[in-house]
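This is what each chain is made of:
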Amino acid sequence: MDNTSCFSCENSSCLIKKNLLAFDGSKLITEKNNLRCKKGQQFIMEGAPVNGLFFVLKGKVKVFRTGINGREQIVRFAKEGEIIGHRGFGTEEHYSIGAIALEDTRLCYFSKQNLQEALLSNPRFAYDFMLFYANELNRSESKVKTISQMTVRERVIDTLLYIHRKFGDIKGFLNLPLSRKEYADYAGTTEEQVIRIFSTLKREKLITANGRRIAIVDVQVLKNEISEHHFYLDS
């Protein structure tokens, strides 16, 4: 654990940070816990009781659920300022997802009880929380509709563009090195299909690869290929 204060946090997109002045001295802030996770460490177990929510202070996280025959399905990737575990908060007794740190990650943990008290006592925070859930629902519904209409190649391209716009790149390479299996688990296809499509995209000079590191040569060409599916809906 560490003692990083919400007041010194630089994640301006965090819902807690946005409403911080209203929480000065409240249990939500004074009883917050900061956790450190090593790369590859799972900090939410699918099916575990929901006792609170995690906010990413620094790092990158993979959020997943177990599908048919125990196959992993990646729901999304999260970065600084984002919430993990919110789908089970207030409606379910157990987490419907699991979460693993993709790199050394620092998390803020707020208990379920303190969050519920904060929501009841702070209308602005409750309103921001409601908007967050509405946006999450819109993204989820849009993704389901879009994915159902995409070919496998389009789903893989959509995944590359999603990673690019969410995490950006460093020296041309996507700032989130993933295995081919992780690309497949997000795109809803097989590892073999991802390998074949990556090979095709490399032959077409649309991407380059160096191990897990992928670089998009021409983002606009990939955007144009799936533009009819409104790729930008899943930000």
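Conventions adopted
Residues numbered from 1 in each chain as written. Predicted model: local features only at pLDDT ≥ 70, side-chain atom pairs only at ≥ 80, totals over all residues. Heavy atoms only, no water. Disulfide = S-S within 2.5 Å. Pairing = 2+ DSSP bridges. Helix = DSSP H or I, 4+ residues; strand = E, 2+ residues; numbered from the N terminus. Axes fitted to C-alpha atoms, helices over the stretch in contact; angles between N-to-C directions. Parallel < 35°, antiparallel > 145°, perpendicular 65-115°, else oblique. Contact = heavy atoms within 4.5 Å. Nonpolar A, V, L, I, M, F, W, Y, C, P; charged D, E, K, R; others polar. Salt bridge = Lys/Arg side-chain N within 4 Å of Asp/Glu carboxyl O. Buried < 20%, exposed > 50% of the residue type's maximum accessible area, 1.4 Å probe, protein only. UniProt positions renumbered as here; feature names shortened; annotations may be inferred. pLDDT = per-residue confidence, 0-100.

The protein chain appears in an unreviewed UniProt entry as Crp/Fnr family transcriptional regulator from Mariniflexile gromovii.

Draft legend 1. The state of the cysteines, seen in detail. Taken as a whole, this structure holds zero disulfides when the rule is applied. Free cysteine C9: the closest other cysteine sulfur is in C14, separated by 5.8 Å.

Draft legend 2. Seen up close, the sheet that holds strand β2 (residues 42-44). Taking strand neighbours across the sheet as the criterion, the four strands line up as β2-β7-β4-β5 in an open arrangement whose pairing is antiparallel. Among the strands making up the open sheet, the edge pair consists of β2 and β5 (72-78). Averaged over neighbouring strand pairs, the angle between their axes works out to 30° when direction is ignored. Pairing of strand β4 (residues 61-66) with β5, which is carried by six bridges, proceeds in the antiparallel orientation. Pairing of V63 across the sheet is with R76, part of β5.

Draft legend 3. Broad picture of the packing of helix α3 (residues 112-121) against helix α4 (residues 123-149). At a minimum axis distance of 5 Å, the contact between α3 and α4 shows a crossing angle of 110°. Here α3 lies roughly perpendicular to α4, going by the angle between them. Mapping the contact onto sequence places L115, A118, L119 and S121 in α3 and P123, F125, A126 and F129 in α4. The residue inventory of the contact of α3 with α4, partitioned by class, reads seven nonpolar, one polar and no charged.

Draft legend 4. Broad picture of the pattern of salt bridges. All told, the structure shown has 12 salt bridges when counted by the stated rule. Linking E82 and R76 is a salt bridge whose minimum nitrogen-to-oxygen distance equals 3.1 Å. Look at E82 and you get buried, because its relative accessible area is 19%. Accessibility expressed as a relative area gives 13% for R76, which makes it buried. Where K181 meets D185, a salt bridge forms, and the shortest distance between an N and an O atom there is 2.7 Å. Of this pair, K181 and D185 both sit in helix α6 (residues 180-187), four residues apart, which is roughly one turn of that helix.

Draft legend 5. Representation of the pairing of β4. Taking the residues that link successive antiparallel strands as the turn, the β4-β5 hairpin has five residues, and the phi of N69 there is positive, at about 60°. With four bridges connecting them, β4 and strand β7 (residues 98-101) associate as antiparallel partners. Of the residues in β7, the one forming a bridge with F64 is G98.

Draft legend 6. Broad picture of unusual backbone geometry. One non-glycine residue, K171, lies in positive phi territory at about 55°. Relative to the assigned elements, K171 resides in the loop between β9 (169-170) and β10 (173-174). Despite not being glycine, K205 has its phi angle at roughly 60°, a positive value. With respect to the helices and strands, K205 occurs in the loop between α7 (191-203) and β11 (207-210).

Draft legend 7. Quick look at the UniProt feature "domain: HTH crp-type" (unreviewed entry) in the protein chain. Summarizing the sequence annotation, UniProt attributes the feature "domain: HTH crp-type" (unreviewed entry) to residues 150-220 in the numbering used throughout. Span residues 150-220 is 55% helix and 17% strand, its end C-alpha atoms 18 Å apart.

Draft legend 8. Just the confidence of the model for the protein chain, in detail. Averaged over every residue, the pLDDT of the protein chain is 88; the share at 70 or more is 94%. Of all the helices and strands in the protein chain, α4 carries the lowest mean pLDDT, 83, while α7 carries the highest, 97.

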